[in-house]
Amino acid sequence: MGGRGGHGSNTDSSVHRARGTALVPGAAGDAGLTVLSGPSGVGKSTVAARIRKKRPDIWLSVSVTTRAPRPGEVDGREYHFVSDEVFDAMVEGGELLEWASFAGNRYGTPREPVTRRIAAGVPALLEIDIEGARQVRRAVPDALLVFLAPPSWDELVRRLSARGTEPPEVIGRRLELADSEIEAGQEFDITLVNTSVKDVCEQLVALMTA
Ligand code: 5GP
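Residues numbered from 1 in each chain as written. Predicted model: local features only at pLDDT ≥ 70, side-chain atom pairs only at ≥ 80, totals over all residues. Heavy atoms only, no water.

> How should the pairing of strand β7 (residues 105-110) be read in this particular structure?
For a regular strand, side chains alternate in direction, first toward one face of the sheet and then toward the other. With 5 of 6 residues buried, β7 is to be regarded as a mostly interior element. Alignment of strand β4 (residues 63-65) against β7, held across 2 bridges, turns out to be antiparallel. Looking at the pairing, T65 lines up with Y107 of β7. (Buried < 20%, exposed > 50% of the residue type's maximum accessible area, 1.4 Å probe, protein only. Helix = DSSP H or I, 4+ residues; strand = E, 2+ residues; numbered from the N terminus. Pairing = 2+ DSSP bridges.)

The structure is reproduced here in structure tokens:
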């Protein structure tokens, strides 16, 4: 199918300030907490993996999820893979800073490790979905919310399909979600367009460590 012309205006510059509020370009917000979000398939986890490898000075939150590990994923590195029962208990115990259901699974950010890094002044990064980003906005108003946008809708479709790790119905569900997820970019402080993983990482690190 054809491109999604409606989204073009959001992604035509590599760094786009969506809100004219107190954030100084180059500052990670008073909390020292940065959220990287954006549609599924845009490349958030690739950006996170590169930062994990290249920037040990940046702490990357490890989420809990009820989804099964993909090949190559290591428990405790990409995610803590937990059962529904364990996830329920964490929600009930107030242990999650935010959590959301996404394409049939649940994902959440353990609260305590984030609080600890913020208190210690360590730059902290969460790689989470849009709903989670909204919850962080409410819980930590000073957090810097960064939206990672695809260069184009067609490119997002291509990346989601090419990943080859999900069955077609799961890809379809993720694309349906991506439509509204792209619209949500307007709620974020800054948009980075994922034309190159290396460039996005440099821009993100600059925002976090300035
Ligand atoms: P995936 O299954 O592809 O690893 O992740 C699916 C979606 O869940 C992605 O958009 C990812 O950013 C998001 N996600 C990962 N961890 C968390 C989390 O702790 N909280 C929320 N709200 N979303 C998460």
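Now that the structure has been shown, we can carry on.
> Is there a simple way to think about the site of the ligand in this case?
If you check the shell around the ligand, you find 16 residues, and the closest are S63, R67, Y79, Y107 and E127. In this structure, an oxygen atom belonging to the ligand sits 2.6 Å away from a side-chain N or O atom of S63. Interatomic distance of 2.7 Å between a side-chain N/O atom of D129 and a nitrogen atom of the ligand. Coverage of the ligand by the protein amounts to 95% of the 510 Å² it exposes when considered alone. Mapped by element, the contributors of at least two residues to the shell around the ligand are β6 (96-102) and β7. Here the residues of the shell around the ligand are counted per class, giving 5 nonpolar, 4 polar and 7 charged. (Near = heavy atom within 4 Å. Polar contact = N/O pair within 3.5 Å; in protein donor to acceptor, adjacent residues only side chain to side chain. Areas by Shrake-Rupley, 256 points an atom, 1.4 Å probe, with all protein chains shown as cover. Nonpolar A, V, L, I, M, F, W, Y, C, P; charged D, E, K, R; others polar.)

> Whenever I open this one, the nonpolar core confuses me. Can you help?
One recurring pattern in soluble globular proteins: nonpolar side chains tend to sit buried together. In this structure, V47, I51, L125 and L204 are the most contacted members of the largest nonpolar core, which totals 26 residues. By residue number, the principal contributor to this core is helix α7 (residues 197-209), which donates 6 residues. Once residues lying within four places of it in the same chain are set aside, the contact partners of I51 are I58, L125, C201, L204 and V205. Of all hydrophobic cores here, the second largest spans 18 residues; its members include L126, V140, A184 and F188. (Core = buried A, V, L, I, M, F, W, Y, C linked by side-chain atoms within 4.5 Å. Contact = heavy atoms within 4.5 Å.)

> Explain helix α6 (residues 168-183) to me, please; I cannot follow it from the model alone.
What sets the pattern is the α-helix's 3.6 residues per turn: residues three or four places apart point alike. Counted at 1.5 Å a residue, the expected span for α6 with its 16 residues is 22 Å, and the 23 Å between its end C-alpha atoms agrees. Considered for burial, the residues of α6 that qualify are V170, I171, R174, L175, A178, E181 and I182. As for α6, its buried residues are in contact with β6, β7, α4 (130-139), β9 (144-149) and α5 (153-162). (Expected span 1.5 Å × (residues − 1).)

> Teacher, can you tell me more about the packing of aromatic side chains here?
The way to describe two aromatic rings as a pair is by their centre distance and the angle between their planes. Taken as a whole and judged by the stated rule, the model has 5 aromatic pairs. Relative to Y107, the ring of Y79 lies with its centre 5.8 Å away and its plane at 55 degrees, an arrangement referred to as tilted. Taken together, the residues span a long stretch of sequence, with Y79 in strand β5 (residues 79-81) and Y107 in strand β7 at a distance of 28 residues. Each member of the pair, Y79 as well as Y107, is classed as buried. A network of ring pairs unites the aromatic residues Y79, F81, F102 and Y107 as a single cluster. Here R106 stacks its cationic end above the ring of W99, 6.0 Å away from the centre of that ring. (Phe/Tyr/Trp six-rings, centres within 6.5 Å; stacked < 30°, edge-to-face > 60°. Lys NZ or Arg CZ within 6 Å of the ring centre and 35° of its normal.)

> Could you clarify how one ought to interpret the environment of V64 in this entry?
With respect to the secondary-structure elements, V64 resides in strand β4. Judged by relative accessible area, which is 3%, V64 ranks as buried. As for V64 and L96, which are separated by 32 residues in sequence, their C-alpha atoms are 9.1 Å apart. Setting aside its immediate chain neighbours within four residues, V64 contacts H80, V82, F87, M90, L96, R106, Y107, G108 and P110.

> Looking at this structure, I do not really get the environment of G76. What am I missing?
Its location among the elements puts G76 in the loop between β4 and β5. Taking the C-alpha atoms as reference points, G76 and S63, separated by 13 residues in sequence, lie 8.6 Å from one another.

> Looking at this structure, how should I read the sheet that holds β6?
What holds strands together in a sheet is hydrogen bonding between their backbones, with the strands either parallel or antiparallel. Pairing is mixed across the open sheet formed by 4 strands, whose spatial order is β5-β4-β7-β6. For this open sheet the edge positions go to β5 and β6, each flanked by a neighbour on one side alone. Strand-to-strand, the axes of this sheet are offset by a mean angle of 25 degrees, without reference to chain direction. For β4 and β5, the ladder comprises 3 bridges, and the chain directions are parallel. The partner of T65 across the bridge, within β5, is F81. (Axes fitted to C-alpha atoms, helices over the stretch in contact; angles between N-to-C directions.)

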